[in-house]
Amino acid sequence: MAGFGISPKAASAEQPKPSSWYALHTRARHEKKIDANLQHAGISTFLPLVKETRRWSDRRKTVDLPLFPCYVFVNMPLTPELRLAVLRTPGVLAFVGKSGEATPISEQEIDQVHTVLTQKVPFGPSPFLKAGQRVRVRGGALDGMEGILSSQKGQTMLIISVEPIQRSIAVSVSGYEFEPA
């Protein structure tokens, strides 16, 4: 634990603040290592990965790549000790937020990304959107999920956004029913 900047005292100290989700901005291609180091140090993390087939001249290989490159999510109380310990993790650049202050991410936004990944519905990256009608899916595997309704290439898509990191994914929702959120 000490190798990652988290002392046993900091890890076992009483936690006066409740845990929240935060996004970490990371160095490129360091997400998996940071995720492993933070988990080893006892910090709850979420690194959404997608499988992608890469082709080289002599072979093809399926690799797990971060859904949101250069970002790892952590669920922790934002105590000065833990914040400093996380920032000292090799490859971590900063917490995402204004003026160096970490901005909490709602549990709902994290849960929605997790649900899309576990339900194996077709999805892909999407530009971050703020405008448009916000809707809630009624029924099916995505019941209760909220996002922005969009049409892309003749398909109905639901844009799910993680506000603090300004990243979104577009989920194909043809055949689903919606209600205003």
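For the structure itself, consult the block above.
In short, a report on the structure. Just so it is clear, the model here is predicted, and its values are computed rather than measured.

1. Quick notes on the pairing of strand S11 (residues 167–172)
Phase 1 of the analysis: In terms of burial, S11 is a largely internal element, 5 of the 6 residues being buried.
Phase 2 of the analysis: Summarising the sheet, strand S7 (residues 123–126) and S11 pair through 4 bridges and their orientation is antiparallel. By the bridge assignment for S11, Ser126 is matched with Ser168.
Phase 3 of the analysis: Taken together, strand S10 (residues 155–162) and the strand that follows it, S11, pair antiparallel across an intervening segment of 4 residues, in which Gln166 is found at a positive phi of about 50°.

2. Description of the nonpolar core
Phase 1 of the analysis: Among the nonpolar cores identified, the biggest contains 25 residues, and Phe68, Phe73 and Ile165 are the most heavily contacted of them.
Phase 2 of the analysis: Going through the elements one at a time, strand S1 (20–26), strand S5 (71–76), helix H4 (107–119), strand S8 (134–138), S10 and S11 are the ones with two or more residues in this core.
Phase 3 of the analysis: Residue contacts for Phe68: discarding those within four places in its chain leaves Pro48, Phe73, Val113, Val162, Ile165, Arg167, Ser168 and Ile169.

3. Remarks on H4
Every α-helical turn comprises 3.6 residues, leaving residues that sit three or four positions apart pointing alike.
Phase 1 of the analysis: Taking 1.5 Å of rise per residue, 13 residues should cover 18 Å, and H4 covers 18 Å from first to last C-alpha, within 8% of that figure.
Phase 2 of the analysis: Regarding H4, the residues found buried are Glu109, Ile110, Gln112, Val113 and Val116. Buried residues of H4, viewed axially, fall in a sector of 160°; they line one side.

Cut-offs applied
Per chain, residues are indexed from 1 in the order of the written sequence. This being a predicted model, a pLDDT of at least 70 is required before a residue's local features are given, and a value of 80 or more before pairs of side-chain atoms are given or counted; all residues contribute to the totals for chains, interfaces and linings. The basis for every side-chain value is the complete set of non-hydrogen atoms in the structure, without hydrogens or water. Each residue is assigned to one of three classes by its accessible area relative to the maximum for its type, calculated with a 1.4 Å probe on protein chains only: buried under 20%, partly exposed between the two thresholds, exposed over 50%. Only DSSP runs of H or I covering at least 4 residues are called helices, and only runs of E covering at least 2 are called strands; the numbering of each starts at the N terminus. Two strands pair under a simple rule: DSSP has to find at least two bridges between them. Side-chain atoms within 4.5 Å are what join buried Ala, Val, Leu, Ile, Met, Phe, Trp, Tyr and Cys residues into a set we call a nonpolar core. Between two residues, a contact is recorded if the distance between any of their heavy atoms is within 4.5 Å. Helices are assigned an expected span. That span is 1.5 Å times one less than the residue count. Arc definition: directions from the helix axis to the C-beta atoms.

Any functional reading would require information beyond the geometric quantities listed.
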